[in-house]
Amino acid sequence: MGIRKSISALVLISAIVLGCAGCSAKETKQSNSPTKSTENSTTELKRESESVTVSDSTSADVSESESDTVASEEKKTSDILVVYFSRTGEQYNVGVIDKGNTAIVAEFIADRTGADLWEVLPVDDHYPMTYSELTDVAKKEQKDDARPQYKGEVPDLSSYSTIFIGAPVWWGDWPMIMYTFFENNLDGLAGKTLIPFSTHEGSGLSGFDKKLSKACPDATVKDGLAIKGQDAQNSQDSVKEKVEEWLSELGI
Ligand SMILES: Cc1cc2nc3c(=O)[nH]c(=O)nc-3n(C[C@H](O)[C@H](O)[C@H](O)COP(=O)(O)O)c2cc1C
């Protein structure tokens, strides 16, 4: 009888222990489950820490942190836009690249100014990925005075006052797709400050500024920047310095 009682007691204890183990396993599973429940637990944690902050600090501290939040939200909006065209694949002097030379410079400008970025992408990405084929296609587009189409919606230009516009030099000129962009957005670009930049392998800015003024006669075109494509890939610290210096000269 005594033995039976002991066995029953053991069974009961095991049941309780296993039951509790089940509970904690269930809790762990819940906290690992989908985003919504993580959000809920985050909110609860935040509420807890908020109540600690409120009881430990003055209301002045609270409004200070609120104003910090507002300020950081304000920083997100910009009246500067960076529009750029750039190619990956095989490029002159740099081999096969994953990020285009002009894209790298565009991002430096955006990082430094807090500007929004918009990439001009060809509709059907018809440009070849090998350098010699690409040069043939680009030469033909130039000869035909073509207007290759780009895809997507151009951002609402009325919310920007300054627009940086960058591209690689193709046969001593803007790639023809950029003329499509200028012509399609002639009204939106009127009255804006436009600042050109190029990447190249020897031709510099190639008259991007004058050609931009001609294409957008109602805009103000400021001094542009030319960066060697191979420097954009391989000497990024010095390129960042050049970008900084140029922006300071522009007063931006
Ligand atoms: C079709 C084509 C034409 C080019 N023509 C010139 C040129 O006339 N002068 C020059 O300095 N570089 C020229 N380049 C080199 C590019 O301007 C340079 O590699 C640039 O950094 C590429 O930028 P991306 O990677 O943003 O496209 C040409 C490159 C291509 C693909």
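Residues numbered from 1 in each chain as written. Predicted model: local features only at pLDDT ≥ 70, side-chain atom pairs only at ≥ 80, totals over all residues.

1. Looking at the overall build of the protein chain
Inference 1: Each helix and strand counted, the protein chain has 10 helices and eight strands in total.
Inference 2: By the burial criterion, 23% of the 252 residues in the protein chain qualify as buried.
Inference 3: Long-range pairs, those at least 24 residues apart, make up 77% of the contacts in the protein chain with a sequence separation of at least 6. (Helix = DSSP H or I, 4+ residues; strand = E, 2+ residues; numbered from the N terminus. Buried ≥ 20, exposed ≤ 12 C-beta atoms within 10 Å, placed from the backbone. Contact = placed C-beta atoms within 7 Å.)

2. Digging into the site of the ligand
Inference 1: For the ligand, the set of nearby residues contains 23 residues, the closest of which are S86, T102, P168, T199 and G229.
Inference 2: Contributing elements (two or more residues each) for the shell around the ligand: α4 (101-113), α5 (131-143) and β6 (193-200).
Inference 3: Among the elements that line the shell around the ligand, the one with the most residues is α5, at four residues.
Inference 4: For the shell around the ligand, the class distribution of residues is nine nonpolar, 12 polar and two charged. (Near = placed C-beta within 6 Å. Nonpolar A, V, L, I, M, F, W, Y, C, P; charged D, E, K, R; others polar.)

3. Re the pairing of strand β1 (residues 80-84)
Inference 1: With four of five residues buried, β1 is to be regarded as a mostly interior element.
Inference 2: Sheet analysis places β1 next to strand β5 (residues 162-168), joined by five bridges and oriented parallel. Looking at the pairing, I80 lines up with T162 of β5.
Inference 3: Relative to strand β4 (residues 116-119), β1 is paired through four bridges, and the arrangement is parallel. (Pairing = 2+ DSSP bridges.)

4. Regarding α4
Inference 1: The terminal C-alpha atoms of α4, which comprises 13 residues, lie 19 Å apart, in line with the 18 Å expected from a rise of 1.5 Å per residue.
Inference 2: Regarding α4, the residues found buried are N101, T102, A103, I104, V105, A106, F108 and I109.
Inference 3: After α4 finishes, the residue G114 shows a positive phi value of roughly 75 degrees. (Expected span 1.5 Å × (residues − 1).)

5. Some words on the nonpolar core
One recurring pattern in soluble globular proteins: nonpolar side chains tend to sit buried together.
Inference 1: Ranked by size, the top nonpolar core spans 36 residues in total, and within it V82, V83, Y84, V105, I163, F164 and L194 carry the most contacts.
Inference 2: At the level of secondary structure, the elements contributing two or more residues to this core comprise β1, α4, β5, α6 (176-184), β6, α8 (208-215) and β8 (225-228).
Inference 3: Looking at this core element by element, the count peaks at six residues for α4. (Core = buried A, V, L, I, M, F, W, Y, C linked by C-beta atoms within 7 Å.)

6. Some remarks on unusual backbone geometry
Inference 1: Despite not being glycine, D145 has its phi angle at roughly 50 degrees, a positive value.
Inference 2: Its location among the elements puts D145 in the loop between α5 and β5.
Inference 3: The class of D145 is exposed, set by 8 C-beta atoms lying within 10 Å.
Inference 4: For W171, which is not glycine, the phi dihedral falls at a positive 50 degrees.
Inference 5: Within the secondary structure, W171 is located in the loop between β5 and α6.
Inference 6: Taking the C-beta count within 10 Å as the criterion, W171 has 15 such neighbours and is therefore assigned partly exposed.

7. Focus: α6
Inference 1: Residues of α6 that are buried: I177, M178 and F181. Along the axis of α6, the buried positions cluster into a sector of 105 degrees, meaning they face one direction only. (Arc of directions from axis to C-beta.)

8. Overview of the environment of A226
Inference 1: Counting through the fold element by element, A226 comes out in strand β8.
Inference 2: For A226 and L205, which are 21 residues apart along the polypeptide, the C-alpha to C-alpha distance reads 5.0 Å.
Inference 3: Contacts of A226, omitting those with residues within four sequence positions, involve S198, H200, G204 and L205.

9. Observations regarding the environment of I109
Inference 1: Secondary-structure assignment places I109 in helix α4.
Inference 2: When the C-alpha positions of I109 and F164 are compared, they lie 8.5 Å apart, and in sequence the two are 55 residues distant.
Inference 3: If sequence neighbours within four positions are ignored, I109 has contacts with V82, A115, F164 and V243.

10. Observations concerning the confidence of the model for the protein chain
Inference 1: Within the protein chain, residue pLDDT values average 79, and 69% of them lie at 70 or more.
Inference 2: Predicted confidence is poor over residues 7-65, with pLDDT under 50, and the contacts of this stretch with residues over four places away or in other chains come to four contacts. (pLDDT = per-residue confidence, 0-100.)

11. Quick notes on the packing of α4 against helix α10 (residues 236-250)
Each packed pair of helices is defined by two parameters, the angle between the axes and the distance between the axes.
Inference 1: Across the interface, α4 lies against α10 with an axial gap of 10 Å and an inter-helix angle of 55 degrees. One finds that α4 runs oblique with respect to α10. As α4 runs across α10, the sense of the crossing is right-handed. Residues V105, F108, I109, R112 and T113 of α4 pack against V239, K240, V243, E244 and L247 of α10.
Inference 2: Classifying every residue of the contact of α4 with α10 by side-chain character gives six nonpolar, one polar and three charged. (Axes fitted to C-alpha atoms, helices over the stretch in contact; angles between N-to-C directions. Parallel < 35°, antiparallel > 145°, perpendicular 65-115°, else oblique. Left-handed = near helix turned anticlockwise from the far one by under 90°.)

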